[in-house]
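# A closer look at the structure
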Amino acid sequence: MPAISSKKPYRIGRSRTGLGLFATKPIEKGAKIVRYFGPILDSRKKKDDAIENKYLFELNGRWTIDGSVRENIARYINHACKPNAESDVSPRKRKVVIRAIKNIEPGQEINYDYGTDYFKAYLKPIGCKCDACEKKRKKKRAEARAERLRLKAKAEKRALKKAEKQAAKAGQKPRQKLNGKSNGAKLNGLNGHGGKSTASKMIAVKSGISAKPKGKQGREVSASA
Ligand SMILES: [Zn+2]
């Protein structure tokens, strides 16, 4: 591992995918963190064009930085889909600087977006392990779990209904069937008999509550009234 001066605001440390670069001091949004550097490769030269590794940083159609050299600390920075840093590329100067795009707190891992080409070639096949993608996966798993539970509850409800129907068919308790279907049917039936009987019954219940000991008497009085 290359040595990092203690003045630098970062250190190499263990991350989810292996090694990564972590802030050791607060890094302000917009601050330059580290330069991504290495030999400049010319795609027009056969020898250069044949070089293949995971740390090639393409500046444009012609020039590429070979960042695989040990001294290039920036190569430890992992990809993230929602990063806290970016690669600031100046193709004319053939220079790349990793710059903070958010305030980064000590202990936080420094990330930048490697771009779609890298993502498709290296990350998509194995599944991106960045925080945003892990969160998405977690959410998907939770949703799938909730859906399974919902379906299970639905199936149980259906089975219960079926069992109730069968029990009712067997003629155990016809009342249960009524209650189970809807109370509305029962009420409608009562109303259908005429407003008078319903009203008198309601009064009877009311007076029954207000004059508890004389339940029977109260009912007779209210019914006549
Ligand atoms: Zn990701």
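To start, this report covers the structure provided alongside it. Along each chain, the written sequence defines residue order, and numbers are assigned to residues from 1. At least 70 in pLDDT is required for a residue's local features to be given in this predicted model, at least 80 for side-chain atom pairs to be given and counted, and no such filter applies to totals for whole chains, interfaces and linings, which use all residues. Each side-chain value is worked out from all heavy atoms of the structure, with water and hydrogens disregarded.

### Considering the overall build of the protein
Every helix listed is a DSSP run of H or I at least four residues long, and every strand listed is a run of E at least two residues long, numbered separately from the N terminus. On a plain count of helices and strands, the protein comes out with seven helices and 10 strands. Contacts are residue-level and defined by heavy atoms, with any inter-residue pair within 4.5 Å sufficient. Restricting the contact set of the protein to residue pairs at least 6 apart, pairs at least 24 apart contribute 59%. Per-residue and other accessible areas follow the Shrake-Rupley method at a 1.4 Å probe size, with only the shown protein chains counted as cover for residues. A total accessible area of about 16900 Å² is found for the protein, and carbon and sulfur atoms account for 54% of it.

### A few points about the coordination of the zinc ion
Metal donors: N, O and S atoms at distances within 2.8 Å, or within 3.2 Å for Na, K and Ca, with water omitted from the atom set so that some sites may seem incomplete. Only C81 (SG), C128 (SG), C130 (SG) and C133 (SG) from the protein reach the zinc ion as donors, at distances of 2.3 to 2.4 Å. Around the zinc ion, the four donor atoms sit at angles spanning 103 to 114°, and that spread fits a shape best called tetrahedral. Motif for the zinc ion, donor spacing along one chain: C-x46-C-x1-C-x2-C. On the criterion of sequence distance, the pair formed by C81 in the loop between β7 (78-79) and β8 (85-90) and C128 in the loop between α2 (116-123) and α3 (131-169) is long-range, its members being 47 residues apart. Any residue under 20% of the maximum accessible area for its type is buried, any over 50% is exposed, and the rest in between are partly exposed; the area is computed with a 1.4 Å probe on protein chains only. Judged by relative accessible area, C128 falls into the buried class, the value being 5%. Here the metal geometry follows the donor angles, with tetrahedral for four donors whose angles all fall between 85 and 135 degrees, square planar for four and octahedral for six when opposite donors are more than 155 degrees apart and every other angle is between 65 and 115, and irregular for all the rest.

### Digging into the packing of aromatic side chains
For Phe, Tyr and Trp, rings pair up if their centres lie within 6.5 Å, where Trp contributes its six-membered ring, and each pair is then called stacked (planes under 30 degrees apart), edge-to-face (over 60) or tilted (otherwise). The final tally for this structure, using the stated rule, is four aromatic pairs. Ring centres 4.6 Å apart and planes at 85° place the aromatic pair Y114 and Y118 in the edge-to-face group. Feature note: the residues Y112, Y114, Y118 and Y122 constitute an aromatic cluster, connected by ring pairs. The ring centre of Y55 lies 5.6 Å from the NZ or CZ of R75, which sits over that ring. Lysine and arginine charges are scored as sitting over a ring when NZ or CZ, respectively, is within 6 Å of the ring centre and within 35 degrees of the ring normal. The ring of W63 carries R94 above its face, with NZ or CZ at 3.7 Å from the centroid.

### What about the pattern of salt bridges?
Here, a salt bridge means any side-chain nitrogen of Lys or Arg that lies within 4 Å of a carboxyl oxygen of Asp or Glu. Applying the stated criterion across every chain, the model contains five salt bridges. Across the salt bridge formed by D131 and R16, the nearest N and O atoms sit 2.8 Å from each other. Here D131, found in helix α3, pairs with R16, found in the loop between β1 (10-15) and β2 (18-23); they are 115 residues apart in sequence, far enough to count as distant.

### Some words on the pairing of β8
Sheet topology places β8 next to strand β9 (residues 95-100); six bridges connect them, and they run antiparallel. Residue pairing in the sheet places V89 in a bridge with V96 of β9. Hairpin connection, β8 to β9: the antiparallel pair is bridged by four residues, and R94 has positive phi, about 55°. At least two bridges found by DSSP between two strands are what make those strands a pair.

### Topic: the environment of Y118
Mapped onto the fold, Y118 is located in helix α2. Sequence-wise, Y118 and H79 are 39 residues apart; in three dimensions their C-alpha atoms are separated by 9.4 Å. With residues up to four places along the chain from it excluded, the contact list for Y118 reads K54 and L123.

### A few points about α3
The span one expects for a helix is its residue count, reduced by one, times 1.5 Å. For α3, spanning 39 residues, the distance from its first C-alpha to its last is 57 Å, which sits close to the expected 57 Å at 1.5 Å a residue. Positive phi appears at G171, one or two residues downstream of α3, with a value of about 75°.

### Looking at the sheet that holds strand β6 (residues 63-66)
In a beta sheet, neighbouring strands are held together by backbone hydrogen bonds and run either parallel or antiparallel to one another. Reading across the sheet, the three strands line up as β4-β6-β5 and stay open at both edges, with antiparallel pairing between neighbours. Sheet topology places β4 (40-42) and β5 (56-58) at the edges, where each strand pairs with a single neighbour. If you compare each strand with its neighbour and ignore which way they point, the axes differ by 35° on average. For every element, the axis is a line fit to its C-alpha atoms; helices are fit only across the contacting stretch, and the angle between N-to-C directions ranges from 0 to 180 degrees.

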